[in-house]
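# Tertiary structure, described
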Amino acid sequence: MSVSAVAADRSVCAPLPVLGRDVLVPLVTGGEVDYAALDYAASAPALQRVWDDVAAYAPYYGSVHRGAGYLSQLSTDLFENSRRTIEEFLGCRTDDQVVFTRSTTDSLNLLAAVLPENTRVFVFETEHHASLLPWEQRPDVSVTYLNAPRTPQQAVDTLEKALAAREPYGPALVCVTGASNVTGELWPVRELAAAAHAHGARIVLDAAQLVPHHPVDLAELDVDWVAFSGHKLYAPFGAGVLAGRADWLRDAAPYLAGGGASRKVSRRTDGGVDVEWHTTAARHEAGSPNVIGAYAIASACRALTEAGFEGLVAREQELITRLRTGLAEVPEVTVLSLFGDDAARVGVLSFVVEGWNSSHFAAALSAEYGIGVRDGLFCAHPLVRTLLGSAPQDPGECGAPDAAPGEKSLNAIRVSFGAGTPDEHVDRFLEAVKELVTNGARWNYRTEGGRCVPA
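Residues numbered from 1 in each chain as written. Predicted model: local features only at pLDDT ≥ 70, side-chain atom pairs only at ≥ 80, totals over all residues. Heavy atoms only, no water.

For the protein chain, per-residue confidence averages 92 on the pLDDT scale, and 93% of positions sit at 70 or higher. Counted against residues more than four places away or in other chains, residues 391-397, with its pLDDT under 50, gives 19 contacts. (pLDDT = per-residue confidence, 0-100. Contact = heavy atoms within 4.5 Å.)

Structure follows, in structure tokens:
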């Protein structure tokens with residue numbers, strides 16, 4: 001079925017059931033309203049399917065890899081079968097490993113910990129802090145930060161030039177996002193991977209914002225690793241994934257030392273201990289694993305696959321078009337973008353409003369309309385600063401959370417949605433934006449504890 005055909009079939013493209021869709025929240029102006037969750041980029045609500053699967057398993061919860069009892073054996077099978085489900089979902093190659101972590105941040109810090117000595121890392125300044133910051137924790141690893149590109153082709157050209165100029169020629173890693181957590185724009189992952197490999201470098205894909213919206217296939221994209229979090233994939237139970245090539249993972253010291261990572265420990269005659277570490281994914285999964293988190297991710301992978309990504313993508317593109325068209329009707333709104341209006345993107349969009357501090361605007365959306373968005377710099381400070389430039393001190397009753405002196409207005413508003421978002425939430429958001437811009441807030445606001453809140 002083509003994308004256009006799927007888009008025309010509303011039964012296929014209906015929102016997936018998620019928790020919280022019927023939650024009522026109070027308004028400062030009186031009454032209650034269904035909460036419009038438009039902050040999926042931070043944490044997506046749990047799919048009802050995921051919640052049901054976890055609830056069905058919960059009575060059978062037991063220790064993983066630790067016991068001979070029935071529940072322990074069942075939990076171990078569930079844990080390892082979840083790993084295989086995720087391998088299939090990501091299109092892993094036969095020699096790839098899937099390592100369970102706590103989050104995307106944890107996954108990329110794990111990869112940073114296993115880099116060979118003297119690795120050169122290349123990362124664009126546009127990255128989320130999770131993929132921008134881990135590399136400098138290694139004193140024997142050097143990092144080259146690349147300027148924000150203004151077109152996908154410029155991104156590829158910038159990377160190729162930097163890789164070609166590197167000296168000495170040794171191990172190198174490129175880290176790149178699949179979809180920006182600020183603008184939602186898709187990055188040319190396959191082309192960047194080709195450029196990296198042409199210059200003898202490896203590449204890791206931060207897929208935190210990509211994997212909930214699009215299929216991610218390691219073999220097709222030709223990336224060496226992919227990292228993502230369950231809580232952005234409709235599985236908010238504290239787990240993440242690092243999947244990809246096994247050699248650097250196998251050759252490095254365990255990320256954490258302890259039970260589960262070790263195969264054999266014995267005393268030496270000099271009083272010390274000798275340790276034989278696992279060479280599988282268990283090498284970096286010391287301690288009792290988060291079996292519920294892993295199972296939740298696998299459940300979400302199955303749910304998205306069965307729903308059909310083609311239909312999910314088509315419906316999301318309809319919502320993106322509706323959102324962008326509606327915001328374009330408000331001259332005071334400026335949408336942030338690196339690659340321009342025609343860039344392919346997922347359901348993440350950031351903007352500023354003339355005459356408003358973004359924290360004030362976001363607080364009014366919540367308190368007066370029951371709409372949850374995000375404001376600030378989105379853990380991507382260099383990118384947002386690049387996109388905003390030296391903005392003037394706009395009027396507003398509340399400043400940015402934890403703003404530095406002279407940067408009270410250097411923040412933006414982010415709206416994000418996904419497979420569980422009903423059309424009505426986007427429509428209500430657009431009406432709220434237009435009303436706030438036209439009539440102003442109906443309530444007074446103040447800064448409290450670094451947040452803008454109703455007075």
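Following the structure, the description resumes.
Our next topic: the pattern of salt bridges. Inspection of the entire model under this criterion finds 26 salt bridges. One salt bridge in this structure joins glutamate 220 and arginine 190, with 3.1 Å as the shortest N-O distance. Of this pair, glutamate 220 sits in helix H8 (residues 218-221) while arginine 190 sits in helix H7 (residues 189-198), placing them 30 residues apart in sequence. Note that arginine 268 is salt-bridged to aspartate 274, the shortest N-O span being 3.2 Å. Looking at arginine 268, the relative accessible area reads 32%, which means it is partly exposed. (Salt bridge = Lys/Arg side-chain N within 4 Å of Asp/Glu carboxyl O. Helix = DSSP H or I, 4+ residues; strand = E, 2+ residues; numbered from the N terminus. Buried < 20%, exposed > 50% of the residue type's maximum accessible area, 1.4 Å probe, protein only.)

Under the defined criterion, the tally for this structure stands at three cavities of 30 Å³ or more. Counted as a void, the largest cavity has a volume near 90 Å³. Lining the largest cavity are 13 residues, with Leu312, Val313, Glu316, Gly418 and Ala419 positioned closest to its centre. Of the residues that constitute the lining of the largest cavity, the class distribution is nine nonpolar, two polar and two charged. Reported here for the second largest cavity is a volume of approximately 40 Å³. Along the walls of the second largest cavity sit Tyr40, Ala41, Ala44, Ala208, Gln209, Pro212, His213, Lys232 and Tyr234, which together make up its complete lining. Of the residues belonging to the lining of the second largest cavity, the class tally is six nonpolar, two polar and one charged. (1 Å grid on protein atoms, 1.4 Å probe; cavity = no way out; pocket = protein on both sides within 12 Å on 5 of 7 lines; lining within 4 Å. Points joined across faces, edges and corners; volume = space filled by probe spheres on them. Nonpolar A, V, L, I, M, F, W, Y, C, P; charged D, E, K, R; others polar.)

It is worth spelling out the side chain of arginine 283 at this point. With respect to the helices and strands, arginine 283 occurs in the loop between strand S12 (273-277) and helix H10 (291-307). No salt bridge forms around the buried arginine 283; measuring N to O, its nearest opposite-charge neighbour aspartate 251 is 6.9 Å away. A distance of 3.2 Å separates the side chain of arginine 283 from the backbone oxygen of arginine 250, its partner in a polar contact. (Lys, Arg positive; Asp, Glu negative; His and termini not counted. Polar contact = N/O pair within 3.5 Å; in protein donor to acceptor, adjacent residues only side chain to side chain.)

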